[in-house]
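# Architecture and fold: a report
Take a look at the letters that make up each chain.
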Amino acid sequence: AVADKLMKESSLIELERLSRERDKNVNRLARTRLDVIKQARAEVDRALRRAEELTHIVETQLKPESDPLFAARFGVVKHDWHANIARHAQGITTLMAHGLSAPVLTTWAARFEAGVARAEAVLPVPAATAPALAEAPPAVVTIPTAADAVAFEPALAGLVTLLQAIAEGSLDAFADSAEITIMNRRLQDQWLATADHRAPPPEMAERFHAVTHTLTLLAEAARRLGDHAAELDRAAVAVPDAPTADSPQDYENLWAQQRQARHAGEQLARTLHRINWPADQPQPQRLLDVDQCAAALAAFDKQCHDSHEALLTALRDVITGLEVEISAGNLAAATGLENDGRRILHCLPAATTKRVQGEFIALSARVLELKDWRTFATHPKREEFVTQMEGLVSAPRAPPLQAEMIRELREAWNALGPVTNHGDRRLFDRFNRAADTAFQPCRAYFDEQATQRKFNLEQRRKICAELDAYLNSTTWEHPDWRAAERILYAARDEWHKFHPVDRSAGRKAQSQFDGLTSALYERLKAEWDRNISLKQQLVTDAAAIVGAGTNPRDATDTIKTLQRRWKEVGVVPRRVDQRLWKEFRAACDAVFSQRDAARDQEVRATESHVALAQQLCEEFQRALEGADTAAPDAGLLNEFVARFQRLDELPRDAARRVETRFREIERGYRMLLLQAKHDDLMREVDVLYDVDSALAALECSVAAGPPPTDVEARLAAISYLDLQRPGPFAQRIELIRSGAALTDPATTVAESRRRLAIEMELAAGVETPREFQSERLALQVERLNAGMKHRRVMEEAPLQIAERWCRTGPVLEDAPELRDRFFRTCRAALE
């Protein structure tokens, strides 16, 4: 009842730990609730991840201007959002019921609502409000094609995969029912959205309906299972422990538990029938647990039935033996069997007792007749035993002998069998009174001996109890082994002090003590052997270091590590420990002597290395200062880096200081290299600009009149133009020299250059002048149609576009503003 009221996670964890191997029902209750908390946390985490995904879809992927199915996909996203909100709320409610908190969806909800508002603002006008169109043409019946099958394949494949995941056990049809429902609904919505625009192939539609029908049956079965979860929990709690009984009262309780177990099993079968899980689908873990519960109830009922049959068999054996003993005249044996039979009858259920007790009652009457005949033969002997016991009262012996004679007379009296009539009972009373009086002189003697033995036994039991408590309460993964040694030696010393004890009780205590000390010794022995092996290995490792000839510093560090490990090794027997320590210390001293000898030499070498490193940094600094006025050289940088890497190892402080300075100089030199590369790139752009401008002027001059005679001279006069390697200007130079194509219209060249200017602006990510916005939009649409969607920039580098500009010609009508705009944008792209 108390466990049922615990809801906090920390309390449930502690309860689950404490109830292991003690209370199965309480442990199952704690584990069930911890599983509920775990599942709720997983649901909340999945809801947060799904909220992030849906928000990302609304903000970046839903494009109404380019997506013809935008409205359908927009509806699916909103439906998924509301389903995800419900799942998150359910998880939050479960966690709050257990006193736990969880992250909320406030941030994602605000961003999602903002994205929904933006999307709804650009939705197309519904058909009802659009202006009336011309009469629609008659509907045309279309036959599904292979393209239609491809359109429906993703949704159908997703549903089939979902069903296969349930069949293979990757998803639990009950525990993961919420996730399965969301995935099923999303895939069905995807199928239906596709079906709004085209008809599915008949075989795919049939497969779709079969899979969705199976998923619907599983969802309904999971709902029924959830509705009957409380009944299943009650059945699980009703599983009793293994049947054990010794006394009639125990057996009465056992038969009551058997009736309760049968009732719980029948109730569980009715509940499973109402749940009616599909037979052709795998059962969830929840139903598998229920099957185990039903099997446990059936096993308990069978064990109780076996106990009942064993009692009946024992009663039949008693009746058979009783008939034999009565026929042989063995009164004592017959009386014992009669008592056993009465005890068995009291252990059986009432209905069974009424059915089998008739034969036993008849035999009991025959035992009573046998007692009457036995009394007639034993009465004279009993009178003789009374006379001898009264003689011990009048003439007592020494206490030990007196006690022995009393014991012999009692054994002889008991051998005559039980007392069966009034005369023998009077003799039995006289015999007992005389025995008590005769035993008085022995009582004080034996009381003193018994007191001492009792005290010794109590002390030994106390020692055993303390040893047992120590063994059970100690965490043997990380025990105090030295304390364990002291306890073992002290327990053995104390045990021998408390002697003698009663033989029977002392033998039991001795057996318990031997078992406890053996258990403790075995643990200590295992630890001793392990530690001896560890220390022996440390001695071997230390000796190997002495003769290995390794670096003294490395050898010293290794030895210090071995010394720390030596201290961490646990208990070892003293003599073995002293022997190993002498060997280990000798190896350590030898290594330290080598270290001291090498230390002076290292100090001198270190000072030399530090001086060399500082000299390299000074030389590198001068090279950096010289590079400010001259062009920096990457080869020189690589040379200094290689020389720095070849430096010998320095002390930690000096190495940190030298490396910091070297890296600062290196960063400065690399910045100079980057700046020089950037300047070269910009100069190349300027050269292209100047040459293009000069060629355009020459092309306009050639096209305006008769071919000039000084074309080659004017080409040679263009700065930075290498006529041997003209690069992108080669074709235009050939046209200028020939003069044949310069009379063609220049509109194509102008349009190509305007297009290149827009391409460069797209590559640079800058705005296009307003008068060219339509051309830019047309170019973007062309790229989308060519499969370049989602690319912010072109695949070409800015210089490649500039080279295409320079190859475009001849220029019959120069446009300096367009050229300035193009190369200004090129510089911006390169920046």
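## Let's talk about the overall build of the protein
Looking only at helices and strands, one finds 26 helices and zero strands in the protein. Across the 831 residues that make up the protein, the buried fraction comes to 35%. The long-range fraction of contacts in the protein, counting pairs at least 24 apart against all pairs at least 6 apart in sequence, stands at 76%. Element-wise, carbon and sulfur atoms account for 53% of the exposed surface of the protein, whose accessible area totals about 50,000 Å².

## Some points on the packing of aromatic side chains
Counted by the stated rule, this structure contains 16 aromatic pairs. Between tryptophan 191 and phenylalanine 208, the aromatic rings sit 4.2 Å apart at their centres with planes inclined by 5 degrees, giving stacked as the arrangement. Highlighted residues: tryptophan 191 in helix H6 (residues 177-195) and phenylalanine 208 in helix H7 (residues 202-227), separated in sequence by 17 residues. Residue classification places phenylalanine 208 among the buried residues on the basis of a relative accessible area of 5%. Ring centres of tryptophan 566 and phenylalanine 584 lie 4.6 Å apart, and the angle between their planes is 10 degrees; this geometry places the pair in the stacked category. Of this pair, tryptophan 566 sits in helix H17 (residues 552-568) while phenylalanine 584 is found in helix H18 (residues 574-627), placing the two residues 18 residues apart along the sequence. Each member of the pair, tryptophan 566 as well as phenylalanine 584, carries the same accessibility label: buried.

## Focus: the environment of alanine 412
Looking at the secondary structure, you find alanine 412 in helix H13 (residues 399-415). Note on alanine 412: relative accessible area 27%, which makes it partly exposed. In the structure, alanine 412 is positioned 27 residues away from phenylalanine 385 in sequence and 8.1 Å away in space, judged by C-alpha atoms.

## Section: the confidence of the model for the protein
Residues with a pLDDT of 70 or more make up 88% of the protein, whose mean pLDDT is 80. The secondary-structure element of the protein with the lowest mean pLDDT is helix H12 (residues 350-394), recorded at 72, while helix H15 (residues 481-497) shows the highest, at 89.

## With respect to the pattern of salt bridges
Summed over all chains, the structure comprises 34 salt bridges. Put simply, aspartate 529 and lysine 525 hold a salt bridge, and the shortest N to O gap is 2.8 Å. Of this pair, aspartate 529 and lysine 525 both sit in helix H16 (residues 503-546), four residues apart, which is roughly one turn of the helix. Residues joined by salt bridges that share partners form a network here, namely Asp692, Glu699, Arg732, Arg753, Asp814 and Arg819.

## Focus: H15
Here H15 contains 17 residues, and its C-alpha end-to-end distance of 25 Å stays within 8% of the 24 Å for a straight helix at 1.5 Å per residue. For H15, the complete set of buried residues consists of Trp481, Ala483, Ala484, Glu485, Leu488, Ala491 and Trp495. Residue aspartate 480 occupies the N-cap position of H15, its side-chain oxygen lying 3.4 Å from the main-chain nitrogen of arginine 482.

## A closer look at unusual backbone geometry
Residue histidine 499 is joined to proline 500 through a cis peptide bond whose omega torsion reads 5 degrees. Inspection of the secondary structure assignment puts proline 500 in the loop between H15 and H16. The residue after glycine 809, namely proline 810, is reached through a cis peptide bond having omega 0 degrees. Here proline 810 lies in the loop between helix H25 (798-807) and helix H26 (816-830). Positive phi is not limited to glycine here, since asparagine 276 has a value of about 50 degrees.

## Some thoughts on the packing of H16 against H17
Running from amino to carboxyl end, H16 crosses H17 at an angle of 170 degrees, the nearest separation of the two axes being 10 Å. When the axis of H16 is compared with that of H17, the two are roughly antiparallel. Remark: the crossing between H16 and H17 carries left-handed chirality. In contact with Lys535, Leu538, Val539, Asp541, Ala542 and Ile545 of H16, H17 contributes Ala555, Thr558, Ile559, Leu562, Arg565 and Trp566. Broken down by class, the residue content of the contact of H16 with H17 amounts to eight nonpolar, one polar and three charged.

## Some details on the side chain of threonine 556
Relative to the elements of secondary structure, threonine 556 occurs in helix H17. Residues contacting threonine 556, with those up to four places away along its chain left out, are Val591, Phe592 and Arg595.

## Here we look at the side chain of threonine 808
The topology assignment puts threonine 808 in the loop between H25 and H26. Apart from the residues lying within four places of it in its own chain, the contact partners of threonine 808 are Arg732, Val749, Ser752, Arg753 and Leu756.

## So, the environment of glutamine 621
For glutamine 621, the location among the structural elements is in helix H18. Contact partners of glutamine 621, with chain neighbours within four places excluded, come to Arg661 and Ile665.

## Some details on the packing of helix H2 (residues 24-61) against helix H4 (residues 106-121)
Put simply, H2 and H4 touch, their axes get as near as 9 Å, and they point 25 degrees apart. In this view, H2 runs roughly parallel relative to H4, as classed from their interaxial angle. For the crossing formed where H2 meets H4, the hand is left-handed. Where H2 abuts H4, its residues Ala51, Glu52, Leu54, Thr55, Val58 and Glu59 lie against Trp108, Arg111, Phe112, Gly115, Val116 and Arg118.

Parameters at a glance
Residues numbered from 1 in each chain as written. Predicted model: local features only at pLDDT ≥ 70, side-chain atom pairs only at ≥ 80, totals over all residues. Heavy atoms only, no water. Helix = DSSP H or I, 4+ residues; strand = E, 2+ residues; numbered from the N terminus. Buried < 20%, exposed > 50% of the residue type's maximum accessible area, 1.4 Å probe, protein only. Contact = heavy atoms within 4.5 Å. Areas by Shrake-Rupley, 256 points an atom, 1.4 Å probe, with all protein chains shown as cover. Phe/Tyr/Trp six-rings, centres within 6.5 Å; stacked < 30°, edge-to-face > 60°. pLDDT = per-residue confidence, 0-100. Salt bridge = Lys/Arg side-chain N within 4 Å of Asp/Glu carboxyl O. Expected span 1.5 Å × (residues − 1). Polar contact = N/O pair within 3.5 Å; in protein donor to acceptor, adjacent residues only side chain to side chain. Axes fitted to C-alpha atoms, helices over the stretch in contact; angles between N-to-C directions. Parallel < 35°, antiparallel > 145°, perpendicular 65-115°, else oblique. Left-handed = near helix turned anticlockwise from the far one by under 90°. Nonpolar A, V, L, I, M, F, W, Y, C, P; charged D, E, K, R; others polar.

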